[in-house]
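Summary of the model geometry
Single-letter residue listing:
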Amino acid sequence: MMEEGADLSVTIAQIVHRLKGAHLHSQLEKQARECLHRPEIKLESLKEDVRSFLKASGWERKLQNAVYRELHILPPPGHPAAPPEHTKEPLVYMRKAQASWEKRILKSLNSMCTELGVPLARKRPVSEQKELTNKWNEMGTDEPDLSKFRPVYAPKDFLEVLISLKNPNYDCREGLTASSHWGLIQISLNVRDIPQMREAYPELSLTCSQLGIDDHAHIPPDLFESEHIRIGKKVVSEQDSAAAQQYSRQGCPTGFRAQLWALILNATNEPEDIMHYEQLKAAVIHHDLLVDNLIYKDVKLTASNDDYYFVFEDFLYQVLLCFSRDTAVLEHFSYNSATPPKSYIQGKTGAEEFTVVYPPNGVIPFHGFSMYVSPLCFLYNEPSKLYSVFREMYVRYFFRLHSISSSPSGIVSLCLQFERLLQNHLPQLFYHLQAIGAQPLRIAFKWMVRAFSGYLSTDQLLLLWDRILGYDSLEIVAVLAAAVFTFRAENLMQVTSLASAEAVLADLSTLKVMPLLQVFLFA
Amino acid sequence: TFFPSQQNSIGYTLTSLPPNSDSPDREGRSSVRYKCSMINSILDVLRQRPGWVEIKEDGEWDFNWCDVGWLRENFDHSYMEEHVRICHFRNHYELTRKNLMVKNLKRYRKTLDREVGRLEGAKCDFFPCTFELPSEYHLFVEEFKRSPGSIWIMKPVARSQGKGIFLFRKLKDIMEWKKVQRFSLNFEDQRDEAPVESYVAQRYIENPYLIGGRKFDLRVYVLVTSYLPLKAWLYRDGFARFSNTRFSLSSIDDQYVHLTNVAVQKTAPDYDPEKGCKWQMQQLRRYLTAKHGSEAVETLFKDIDNIFIRSLLSVQKVIINDKHCFELYGYDILLDQHLKPWLIEVNASPSLTASSQEDYEMKYRLLEDTLNVVDMEGRLTGKEKRVGGYDLMWNDGPVYREDVSLETLGTTYQIANTNLGCVNDRRKQLRQLLKPFPGHKRS
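First, a word on scope: everything that follows refers to the structure included in this document. (Residues numbered from 1 in each chain as written. Chains lettered and ligands numbered in written order. Predicted model: local features only at pLDDT ≥ 70, side-chain atom pairs only at ≥ 80, totals over all residues. Heavy atoms only, no water.)

1. Section: unusual backbone geometry
The condition is simple: Secondary structure elements are taken from DSSP: a helix is a run of H or I of four residues or more, a strand is a run of E of two residues or more, and numbering for both begins at the N terminus. Accessibility here uses a 1.4 Å probe with only protein chains present; expressed as a share of the type maximum, an area under 20% marks a residue as buried, one over 50% as exposed, and anything in between as partly exposed.
Cis geometry is adopted by the peptide bond preceding Pro134(B), which originates at Leu133(B) and carries an omega value of 5°. Note on placement: Pro134(B) falls in the loop between strand E5 (130–133) and helix H6 (137–146). Located in the positive-phi region is Gln239(A), a residue other than glycine, with phi close to 55°. Mapped onto the elements, Gln239(A) comes out in the loop between helix H10 (225–238) and helix H11 (241–248). Classification of Gln239(A) by relative accessible area gives partly exposed; the value is 40%.

So, in structure tokens, the structure goes:
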């Protein structure tokens, strides 16, 4: 009991420390000061009166939401003597693997840099700055020559690294037996199986109504939809993050999904957010980064070719170029197993005081990265708001999809969970696929790395991401991958090669996500 | 197989089903002889319809999917038996030629103003201010001078020909055009396709609704099976066509011959209105709902319904009604930034060529359901409010959804029976609605 209390006060102290000096803090102080003029504030009961004023005017709720946000990104409590690396990633072998993967990426980036003779960063001449400012809203019209640039890595390269991960303490040399793991991931982590998922995700059960199933055309809205919408409106008007998150588990109505997600993520569009975005935009105008070309290439290769996302091309540049320059993103590396790459000012290699993080936000984009942003364009079109929401989604969820960690939402756990779920649910299918050289993970990996963006139709994808936010976990992505295989099991049993298995699973655009999940977990 | 395969046609002796017990005068046919002048998706639909046989030479036909040229030359001299169907109305151009459409709408509006009141007439303000040239030239100049600085668009009425469509801001920009017109009229043969009144000048919508900085317009399909009384169906599917370039007004400041983004596309020799990127209507509807909320979008779609109904009512008394005729119109609608829909034009021969697999499937469904509504096989009772993806929008009066819940009882508020951009679960609906084709088992 003592420990719990001690843990709690540590948490409280951490959150207070983080919020102190934040903009919200100064706003609250200002509000408290100004309300002293109000008639209902009496000197005898100053503290209580100011408190009730803040509550009535909605400021207490804003503070609650801010605290709630901090709780989300707070790492789990660790041993007081543990070094900071443990907060990033407690398992040593994972840290080592991540570090060597990072070395590889950086090497690839540096060699591209030298080969092409393009500097990592370059100040733009004034004329170029002017041109870019004029073209800011239509950067997609540019057709720069990107043929020399290659993506730094593609998901399949990353998959090879994950497959080769080994825990030195775990002997998995036993052959293929009924009780062994037939998949590609060779390590063992604690991932939830179906009974555990049922317990953790009760709102997806057959007896619980939700959007994506119970709002179907032939079901009268009175049964669920109308009431759900009414509650949603209330949640939005109360501006309550925690309530919004709980609500999202049953799906967000199209009409106010944008507000609900912003609420859950506590992504605001206050003047200071807009100003921050404008500063980032100015940074883009002043300096050209090598990674900008990688971003251009990625957008042109992925989003621009998509039937539905091509329209948002310009927004993607406006978000991703600014994202690369946002040093506020560096904060998340305290709980991300990854470490931002360092670069040296020319001529001073090795001198620690001349290192600079590159790119400024520490995140090197890979092939398909822009697909994290594309679905959000469907909801937000003011660039600063879109940016705000994307950044928060990244530092809470997306980063876990491309860094090696033991987190239950990390890509390693998701891969393992996917394989285990499929093997336990449909052992015949799994055995057949691995026997013909079509390991399921080889197909499902690309879906999971992108959280299915670009593979599902937009409305279905948004329903899936509703649940990622609602349950604050990416596990649902692994479950969906297994559910997709289950759905196409009959056809998959007939195939005889990896290529034909890929063909069966090539087009997911007609799938309905919620029924698949529900049937997989509860039926 | 029992039914004709794609290439060969097997002749049948004409038989007809016993009349449907619900409507004694609807005789269905188990074999339909058709003519088709197109080689796109309509031909595929016709060929794959059980019991339908293609007539290539000058044989007798029961159904003709013809082009407007054929209609113009042959309709007046053809005798058609009672059951025969053809896909155009004789004088459809009252609705589909820009100058005539505007003339009819203006006249209809005046009638409403006079007989019902200005409020009712105001419901017709869904087309931009338009003048026929040269006949209304002076009226046009008056209006032009009243709103200096605004942009106008010049369009040939029948088709994009010669210089085609262009934008202008100053009167002097069209002085050249005027001279050219007089020149060509003097030296070219007078053809009845190029009458003197061959252009319209229209206020350009300068604030279109943009998505991703791009302008788009909507293509919506409306099927009319009768004008007197007016019976019109609205298809749930459709699409939004995006221009490839970002919208900008700055390029009009060049000479009038420099055509803008949209106009460039329209006058390019390989202009294909179906090329360019598209969103399915359902995607657009969801996007707008996510951005503006469901109430605003429902209002928008109600306003769009209003465009169809009023444009059809405006020509109702002018179109030569003929029980043999039906027509599938392609409406082009533009949205502005205030989510107000504008009628750009109505096409009597909307393109049935597909630009992608998804597009092909949509047009296939559309045409299949069109044939289901026309119902040569006599499988419908005539009382249906929905057939596949078509919802009955107007049946000599507005058609409402039947939903009478406790809240709506006693109130006058009723929901229209239209579902543009909504889920199109047509296969299920058709299974429940229709008997299988003669000789076919229910699959």
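On we go.
2. A few points about the pairing of strand E16 (residues 390–395) of chain B
Residue and element names in this part refer to chain B. Where we set the bar: Strand pairing requires that DSSP identify at least two bridges connecting the strands.
Most of E16 is tucked away, with five of its six residues classed as buried. Two elements, strand E11 (residues 231–246) and E16, share five bridges in a ladder whose sense is antiparallel. Bridge pairing links Leu234 to Asp391 in E16. Bridge count for strand E15 (residues 386–387) against E16 is two bridges, and the pairing is antiparallel. In the strand pairing of E16, Arg386 is matched with Asp391.

3. Focus on the packing of aromatic side chains
In plain terms, the rule: Note on aromatic pairs: the rings of Phe, Tyr and Trp (six-membered ring only in Trp) are paired at centre separations within 6.5 Å, and the planes decide the class, stacked below 30 degrees, edge-to-face beyond 60, tilted for the rest.
Scanning the model with the defined rule gives 56 aromatic pairs over all chains in all. Taking the centre distance of 5.4 Å and the plane angle of 75° together, the rings of Trp182(A) and Tyr431(A) count as edge-to-face. You can see Trp182(A) sitting in the loop between helix H8 (155–163) and helix H9 (194–200) and its partner Tyr431(A) sitting in helix H19 (residues 427–435), a full 249 residues away along the chain. Residue Trp182(A) is classed as buried on the basis of its relative accessible area of 11%. The exposure class of Tyr431(A) is partly exposed, given its relative accessible area of 43%. Their ring planes at 50° and their centres at 6.2 Å tell us that Tyr137(B) and Phe140(B) sit as a pair that is tilted. With Tyr137(B) and Phe140(B) both in helix H6, this residue pair falls three residues apart, about one helical turn.

4. Considerations on H11(A)
Residues and elements named next belong to chain A. We apply this condition: To obtain the arc, one takes the directions from the helix axis to the C-beta atoms. What makes two residues a contact is simply this: any of their non-hydrogen atoms within 4.5 Å. Two N or O atoms form a polar contact when they lie within 3.5 Å of each other; inside protein one atom must be a possible hydrogen donor and the other a possible acceptor, and for residues adjacent in sequence the pair counts only when both atoms belong to side chains.
Within H11, the full set of buried residues consists of Ser241, Ala244, Gln245, Tyr247 and Ser248. Relative to the axis of H11, the buried residues are bounded by an arc of 165° and lie together on one face. On the buried face of H11, the contacting elements are helix H4 (59–73), H10, helix H12 (257–265) and helix H21 (458–471). Two or three places before Ala242, at the start of H11, stands the capping residue Asp240, its side-chain oxygen 3.0 Å from that residue's backbone nitrogen.

5. Quick word on the interface of chain A and chain B
Interfaces are often sized by the accessible area lost when the parts come together. The condition is simple: In short, buried area is how much 1.4 Å probe accessible area vanishes from two parts on joining, totalled over both. We count a salt bridge whenever a side-chain nitrogen from Lys or Arg sits within 4 Å of a carboxyl oxygen from Asp or Glu. Polar here means any residue other than Ala, Val, Leu, Ile, Met, Phe, Trp, Tyr, Cys and Pro, which are nonpolar, and Asp, Glu, Lys and Arg, which are charged; Gly is therefore polar.
Contacts between chain A and chain B engage 24 residues on the former and 23 residues on the latter. Of the roughly 2,000 Å² buried between chain A and chain B on both sides combined, carbon and sulfur atoms contribute 55%. Summed over the three residues of chain A that lose the most area to chain B, namely Tyr308(A), Val311(A) and Phe378(A), the buried surface amounts to 32% of that side. Counting every contact that joins chain A to chain B gives three salt bridges. Where Lys233(A) meets Glu295(B), a salt bridge forms, and the shortest distance between an N and an O atom there is 3.7 Å. In this assembly, chain A and chain B are joined by six residue pairs in polar contact (both at pLDDT 80 or more). Mapped by element, the contributors of at least two residues to the side of chain A that touches chain B are helix H15 (313–324) and H21 of chain A. If you tally residues by element for the side of chain A that touches chain B, the top one is H15(A), at three residues. Residue composition of the side of chain A that touches chain B, grouped by class: 10 nonpolar, seven polar and seven charged.

6. Some points on the packing of H12(A) against H21(A)
Residue and element names in this part refer to chain A. To keep it simple, the criterion reads: Lines are fitted to the C-alpha atoms to define the axes, a helix being fitted only along its stretch in contact, and any angle between axes, read from their N-to-C directions, falls within 0 to 180 degrees. An angle below 35 degrees is read as roughly parallel, one above 145 as roughly antiparallel, one from 65 to 115 as roughly perpendicular, and any other as oblique. Crossings are sorted by hand: turned counterclockwise from the far helix by less than a right angle, the near helix makes the crossing left-handed, and turned clockwise it makes it right-handed.
Put simply, H12 and H21 touch, their axes get as near as 11 Å, and they point 25° apart. With respect to their mutual orientation, H12 and H21 come out roughly parallel. The two elements H12 and H21 cross, and the hand of that crossing is left-handed. Contact residues: H12 offers Arg257, Trp261, Ile264 and Leu265, while H21 offers Leu462, Leu463, Trp465, Asp466 and Leu469. Among the residues making up the contact of H12 with H21, the classes are represented as seven nonpolar, no polar and two charged.

This is a description of form; function is not addressed.
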